[in-house]
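For reference, the chains in residue letters:
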Amino acid sequence: MGAYEEKKETCGTICLKYVLFTFNFLFWLAGGVVMAVGVWTLVEKSDYISLLSSKTYAASAYILVLAGAIVMVTGVLGCCATFKEQRRLLRVYFVLLLCIFLLEILAGVLAYIYYQQLNEELKQNLRETMIKKYEQKSYEDITRAVDKLQQEFKCCGSNSSADWAASIWIRSRESENRVVPDSCCKSPTEFCGRRDHPSNIYKVEGGCISKLEKFILDHLKIIGAVGVGIACVQIIGMVFTCCLYRSLKAEPY
């Protein structure tokens with residue numbers, strides 16, 4: 001009877017090992033996805049981050065990159081701990097899972113908080129950024145971001161093209177009689193910004209604020225969903241890890 005129970009326990013441990021190994025492999029792949037989302041947000045859309053006064057959006061992306069990197073390392077460690085049946089490694093693995101869990105939840109919470117305050121921030125800061133910093137020395141990143149924003153989202157000005165009338169650059173000699181930047185034009189050419197007729201420039205209801213807000217909100221949903229989703233999956237991994245740890249502890253060395 002004792003031999004049967006020992007065999008049964010061993011079979012249970014073997015099953016747990018293979019389940020946990022499968023989980024770790026999928027977890028490793030998920031880590032790559034998480035890190036890719038964070039890197040893509042920071043690299044591909046980094047210009048737009050410079051238009052935001054708050055660093056919460058960038059912080060959420062950085063947390064995803066960090067969490068994704070740790071997830072990939074943890075996935076490899078989990079596989080080693082599982083097949084070597086070392087309780088010490090399993091403890092380290094569990095602690096790393098817990099840390100990643102907290103990081104993912106933090107990213108999700110930050111994304112949700114910023115989601116609530118984004119509209120107000122854009123209303124307060126985007127217009128001021130455009131009219132005071134566009135084409136000004138030491139603000140080349142802002143100029144590049146505004147031009148990219150207006151061309152990519154086919155918009156002009158923060159609320160409307162009329163906002164550019166208050167621009168420091170537009171009112172200076174350097175604008176060379178432009179009434180809007182050339183990036184407002186539907187077919188950008190040098191000095192095309194001298195004519196602000198709807199046939200020449202983008203006239204979008206809500207201006208660039210509405211476009212940028214929708215873009216960032218969509219990405220915050222992705223960041224939040226990825227963070228919370230992976231965190232929930234990790235709970236399963238932690239449960240399996242505890243089960244395997246207790247199973248190994250019960251077996252003779």
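What you are looking at is a predicted structure, and each value in this text was computed from that prediction instead of being measured.

Quick look at a nonpolar patch on the surface now. Taken together, the side chains of Phe-25, Leu-26, Trp-28, Leu-29 and Val-76 present a nonpolar region at the surface, about 460 Å² in accessible area. Counting residues per element, the nonpolar patch draws most heavily on helix 1 (residues 2-44), which supplies four residues. If you trace the backbone, Phe-25 turns up in helix 1.

This part covers the packing of aromatic side chains. Evaluated as defined, the whole model comprises three aromatic pairs. Ring geometry for Tyr-134 and Trp-164: centres 5.0 Å apart, planes at 65°, overall edge-to-face. A residue pair is termed long-range when its members are at least 10 positions apart, and Tyr-134 in the loop between helix 4 (87-133) and helix 5 (140-152) and Trp-164 in the loop between helix 5 and helix 6 (207-250) qualify at 30 residues. Judged by its relative accessible area of 3%, Tyr-134 is buried. Between Tyr-134 and Trp-169 the ring centres are 5.5 Å apart and the planes differ by 70°, which places this aromatic pair in the edge-to-face class. Here Tyr-134 is found in the loop between helix 4 and helix 5, whereas its partner Trp-169 is found in the loop between helix 5 and helix 6, with 35 residues between them in sequence. There is no split in this pair, since Tyr-134 and Trp-169 are both buried. Each residue in the set Tyr-134, Trp-164 and Trp-169 is aromatic and connected to the rest through ring pairs, giving one cluster. Directly above the ring of Phe-191 sits Arg-194, whose terminal nitrogen or CZ lies 4.2 Å from the centroid.

Turning our attention to the nonpolar core. Burial of nonpolar side chains together is a common tendency in soluble globular proteins. In terms of nonpolar packing, the biggest core is built from 60 residues, with Leu-51, Tyr-57, Leu-149, Trp-164, Leu-212 and Ile-216 touching the most fellow members. Sorting the residues of this core by element identifies helix 1, helix 2 (46-49), helix 3 (56-84), helix 4, helix 5 and helix 6 as the ones contributing at least two each. The leading source of residues in this core is helix 4, at 13 residues. Residues from two domains meet in this core; each of domain 1 (11-125 + 229-248) and domain 2 (130-208) gives at least three.

What follows is about the UniProt feature "transmembrane region" (unreviewed entry) in the chain. Within this numbering scheme, the UniProt entry marks residues 18-40, 60-80, 92-115 and 222-245 as carrying the feature "transmembrane region" (unreviewed entry). This span, residues 60-80, is 100% helix and 0% strand, and a straight line between its end C-alpha atoms measures 30 Å. Helix and strand shares over residues 92-115 are 100% and 0% respectively, and the end C-alpha atoms of the span are 35 Å apart.

With respect to the secondary-structure elements, Arg-127 resides in helix 4. Given the relative accessible area of 31%, Arg-127 is considered partly exposed. Separated by 33 residues in the primary sequence, Arg-127 and Ser-160 have C-alpha atoms spaced 9.8 Å apart.

Our next topic: the state of the cysteines. In a disulfide, the sulfur atoms of two cysteines are held together by a covalent bond. One pass over the full model with this rule turns up three disulfides. Sulfur-sulfur distance for the disulfide between Cys-155 and Cys-208 comes to 2.1 Å. One disulfide, between Cys-155 and Cys-208, carries an S-S torsion of 105° and so falls in the right-handed class. Of this pair, Cys-155 sits in the loop between helix 5 and helix 6 while Cys-208 sits in helix 6; the two residues are 53 residues apart in sequence, bridging distant segments of the chain.

Conventions used here
Residues numbered from 1 in each chain as written. Predicted model: local features only at pLDDT ≥ 70, side-chain atom pairs only at ≥ 80, totals over all residues. Heavy atoms only, no water. Patch = residues over 30% accessible without salt bridge, like charges linked within 9 Å, V, L, I, M, F, W, Y side chains within 5 Å. Areas by Shrake-Rupley, 256 points an atom, 1.4 Å probe, with all protein chains shown as cover. Salt bridge = Lys/Arg side-chain N within 4 Å of Asp/Glu carboxyl O. Helix = DSSP H or I, 4+ residues; strand = E, 2+ residues; numbered from the N terminus. Phe/Tyr/Trp six-rings, centres within 6.5 Å; stacked < 30°, edge-to-face > 60°. Buried < 20%, exposed > 50% of the residue type's maximum accessible area, 1.4 Å probe, protein only. Lys NZ or Arg CZ within 6 Å of the ring centre and 35° of its normal. Core = buried A, V, L, I, M, F, W, Y, C linked by side-chain atoms within 4.5 Å. Domains from an automatic or database assignment. UniProt positions renumbered as here; feature names shortened; annotations may be inferred. Disulfide = S-S within 2.5 Å.

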